[in-house]
Amino acid sequence: MPQEFQSPSVAVAAAAALSAYTLLSGLLLRYPTLLHRRKRRHFAAAHISHRGGAAELAENTMEAFEAAVSQHRTHMLELDCQITRDGQVVVAHDNDLNRLCAKSGRIDQINYAELPPIRRDLAVTFEPGLIVTAGKDRRIPLLAEVLVAFPNVPLNIDIKEDRPDLLEAVRQLVVQHGRQDTVVWGNRSYRVVRQLRAMEPRVSTLFSMRSILSTVLLYATGLLPFVPISDDFFEPPMLSALLELEPFAAAYPNWFGRCLVRIFDKLMMSPKLIRHLHERGVPTYVWVLNQERHFLKAFQAGCEGVMTDRPELLRRFIDSNPDCLDAYRRACDWVREDDLERERLASRGKKD
């Protein structure tokens, strides 16, 4: 066949293939359960207290956790884990004690009984310039204490260090307290998250930073509807909110860098992406938001939950804006359905 007759055929075939791909991708983006089974859920959360509420009480203390649960009816506690020299898993964000305790040294080089108290005036990471005065509780708690004190409150555990002894110690505590279904854990590192998934497959995992990036890029190219999702909780930052904070903004001093960040923020906060993940049983929890306009933006995008240093403010916002909880309410319905299905399967297994 002459060359001039081949080119139009190839172009037509390519255009047809691209059109079919675009249509199928759009269809599966809107209705992902045509191809994927929705992930089963054990809990839902709209109100998530970051470090217990770091802008209201000293972060990661039992006092902060208790206030978040009893006073502000939080649905989930977010906390961080380190390990001491004598193998105790403690709830602390920094391994270095300088910011937290105004002391030199590292948590992993000190026995638990020798850890200093938290400093009286503590800076808040996501509200630069804000200093929180510690209450009565200035003790760094053990993870085991939190597991015992809040047996029915889901925990979001950020394991801060890539250390086999820390990962295994956290795993043992979660299993020992029977919390496999009410804990989600993770780390920024893809490798660490993969290890956690292999160590205890029953425990849900957070997306690593690499997984967040790849998910957004897959969405932008239309490939996401065709790709299986291994992790369970999509937990991205709201980059536009971070750009308002001086330490983060200083990392992007020129207009080009900030433009890229805002473009990525638009993609990451896309209602279509968040809805697609939600329909596949993957909730979106955005961190760390401390202003009502940011709460509103997250919930309007379809996020199930917001992580905040200000649990009192978020509780007031939620109580005043119940219509923002559509994704959370639907997740609660799924949790009830999944619980009933698990009960049916358990009952059938006993009969057999």
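Counting of residues starts from 1 at the beginning of each chain's written sequence and follows it residue by residue. Only residues with pLDDT of at least 70 get local features here, since the model is predicted, and only at 80 or more are side-chain atom pairs given and counted; chain-wide, interface and lining totals rely on the full set of residues. Just so you know, side-chain values use all the structure's heavy atoms and leave hydrogens and water out.

The chain carries the name GP-PDE domain-containing protein in an unreviewed UniProt entry, which gives Macrostomum lignano as its organism. Turning to the chain, the UniProt annotation filed under Subcellular location (unreviewed entry) states: "Membrane". UniProt positions are given in the numbering used here, feature names are shortened, and annotations may be inferred rather than shown by experiment. Per UniProt, the comment on the chain under Sequence similarities (unreviewed entry) is "Belongs to the glycerophosphoryl diester phosphodiesterase family."

**Student:** Would you mind going over the overall build of the chain with me for this structure?
**Tutor:** Secondary structure summary: the chain contains 14 helices and 10 strands in total. In this treatment the radius of gyration is a C-alpha quantity, and the globule benchmark scales as 2.2 Å times the residue count to the 0.38 power. By the compact-globule yardstick of 20 Å for 352 residues, the chain fits well, its C-alpha radius of gyration being 23 Å. For the chain, the spread of C-alpha atoms along the principal axes amounts to about 85 × 65 × 45 Å. Looking at the chain residue by residue over its 352 residues, the buried ones come to 50%. Counted over contacts in the chain with a minimum sequence separation of 6, partners at least 24 positions apart contribute 67%. Here, Shrake-Rupley sampling with a 1.4 Å probe gives the accessible areas, and only protein chains in the shown set may cover a residue. Carbon and sulfur atoms provide 55% of the accessible area of the chain, an area that totals close to 17000 Å². Averaged over its 46 positive side-chain charges, the chain has a centre that lies 3 Å from the centre of its 44 negative ones. Numbering of helices and strands starts at the N terminus; helices are DSSP runs of H or I of at least 4 residues and strands are runs of E of at least 2. The cut-offs for exposure are 20% and 50% of the maximum accessible area for each residue type, with area from a 1.4 Å probe on protein chains only; residues under the lower value are buried, those over the upper are exposed, and the others partly exposed. Two residues qualify as a contact provided that any one of their heavy atoms is within 4.5 Å of a heavy atom in the partner residue. Neither His nor the chain termini are counted; the positive set is Lys and Arg, and the negative set is Asp and Glu. The atoms used to mark charge sites are NZ of Lys, CZ of Arg, CG of Asp and CD of Glu.

**Student:** What is the right way to look at the pattern of salt bridges in this model?
**Tutor:** One side-chain nitrogen of Lys or Arg within 4 Å of one carboxyl oxygen of Asp or Glu is enough to make a salt bridge. For the structure shown, the criterion picks out 31 salt bridges. Of the charged contacts in the structure, one is a salt bridge between Asp165 and Arg163, with a shortest N-O distance of 2.5 Å. One continuous salt-bridge network, built from bridges that share partners, spans Arg51, Glu59, Asp80, Asp94, Arg99, Asp158 and Lys160.

**Student:** Would you mind going over the layout of surface pockets with me for this structure?
**Tutor:** Picture a little ball the size of a water molecule; that probe, rolled over the atoms, points out where space is still empty. Considering only enclosed or pocket space, the largest pocket measures out at about 390 Å³ in volume. What lines the largest pocket is a set of 22 residues, among which Asp158, Lys160, Arg188, Glu235 and Trp287 lie closest to the centre. Gly is placed with the polar residues, together with every amino acid not listed as nonpolar (Ala, Val, Leu, Ile, Met, Phe, Trp, Tyr, Cys and Pro) or charged (Asp, Glu, Lys and Arg). Looking at the lining of the largest pocket residue by residue, the class counts come to 8 nonpolar, 7 polar and 7 charged. Note on definitions: the grid is 1 Å and covers protein atoms alone; a cavity is a set of points where a 1.4 Å probe fits but cannot get out; a pocket is an open set with protein on both sides within 12 Å along at least five of seven lines; lining residues have an atom within 4 Å of a point. Grid points are joined across faces, edges and corners, and a volume is the space filled by probe spheres set on the points.

**Student:** What exactly am I supposed to notice about unusual backbone geometry here?
**Tutor:** Backbone phi values are negative for most residues with the exception of glycine, while trans is the configuration of most peptide bonds. Even without being glycine, Arg51 reaches a positive phi, approximately 55°. The topology assignment puts Arg51 in the loop between strand 1 (47-50) and helix 2 (62-70). At Ala102, a residue that is not glycine, the phi angle is positive and equals roughly 60°.

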